[in-house]
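# What the coordinates show
The chain contents come next:
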There are 2 protein chains.
Amino acid sequence: MGRRGPYVCGIDAAMDVVSGKWKSLILWELHHHGARRFGELRRGLPGVSEKMLAQHLREMEEDDLVRREVFDQVPPRVEYSLTDSGRSLNEALRAVGVWGQQRLRRLAEPA
Amino acid sequence: MGRRGPYVCGIDAAMDVVSGKWKSLILWELHHHGARRFGELRRGLPGVSEKMLAQHLREMEEDDLVRREVFDQVPPRVEYSLTDSGRSLNEALRAVGVWGQQRLRRLAEPA
DNA sequence: ACAAGTACGCACTAAATAGTAAGTATGGGG
DNA sequence: CCCCATACTTACTATTTAGTGCGTACTTGT
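Here's what I pulled together on the structure shown here. Keep in mind that what you see is a predicted model, and the values were worked out from it rather than measured. (Residues numbered from 1 in each chain as written. Chains lettered and ligands numbered in written order. Predicted model: local features only at pLDDT ≥ 70, side-chain atom pairs only at ≥ 80, totals over all residues. Heavy atoms only, no water.)

Placing chain B over chain A gives an RMSD of 0.0 Å and needs a rotation angle of 180°, together with 0.0 Å of translation along the axis. As the rotation angle and translation indicate, the two copies are arranged about a two-fold axis. The C-alpha atom lying nearest the rotation axis in chain B is that of B:Ser19; the distance is 3.4 Å. Counting the interface residues of chain B, we find that 100% of their copies in chain A are interface residues as well, pointing to one common contact surface. (Least-squares fit on C-alpha atoms with pLDDT ≥ 70 in both. Contact = heavy atoms within 4.5 Å.)

Structure follows, in structure tokens:
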């Protein structure tokens, strides 16, 4: 899929790992719910398909943003949580989220 | 192109306007060079095609991130600069850029 | 016996995004 | 006269990304 470098600067390197329709939302979900199972995440992200969710989680695992823990049970149980790197990325995105909320307000009030 | 809403949260609303291979870099270029002409931007973003640059600039103008000024001269002169909204988005992205630089360091030192 | 829930993988299709090459109008330089 | 530069647009193609639906293996519930 994506490129994983070479990057011309930090923003470039960061945007590469968050670009993907659901990645920032996955980060957010995991951040404020802690560990979540595949199905919980799916229900928390209305509209995501199983395929995309799995694919994004794989990539984020490869990029060391999320940790995947498999419990040897039946029915299968798999939990996802943020790594330190994922947590700090999510924090770095906070200011962006605030900007986005202002944008939402601007869009809502056409003045 | 994209969606321009509806958005489930601020991050979503913000990511929508910065997603695009060059948008964050355009923001950065305009931020630390001030007003720039089309050709200057193109030369400042190695690898961008004229088509993509024009397309991204149109979208960013629509999203009120950049301002476009046309000078009635021959040969044509068009200048792009950040709006207040674009400037504040760029500031919000600063933390993300810092995170990305750390990632670059991690990628460089495979330790 | 049969459907549901679990966490996916795979094949196929559709849609979005990006690249390439050419064309537009104008004036200056060789 | 022809080419270069400016700032694009358009047409066509290629690549990437996303959506749909089915299959898997096992267990509990009806």
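Pairing between side chains of opposite charge can happen when the charged atoms of each approach one another. Inspection of every chain in the model, using the stated rule, returns 15 salt bridges over all chains. A:Arg36 serves as the salt-bridge partner of A:Glu40, at 3.8 Å between the closest nitrogen and oxygen. Here B:Arg103 and A:Asp63 are joined by a salt bridge, their closest N and O atoms 3.7 Å apart. A residue pair is termed interchain when its members come from two chains, as with B:Arg103 in helix H6 (residues 94-108) and A:Asp63 in the loop between helix H4 (50-62) and strand E2 (66-71). (Salt bridge = Lys/Arg side-chain N within 4 Å of Asp/Glu carboxyl O. Helix = DSSP H or I, 4+ residues; strand = E, 2+ residues; numbered from the N terminus.)

Considering the arrangement of structural elements, one finds A:Ser81 in strand E3 (residues 77-82). In contact with A:Ser81, not counting residues within four places along its chain, are A:Leu30, A:Ala35, A:Leu65, A:Val66 and A:Arg67.

By themselves, these observations are geometric and do not establish any function.
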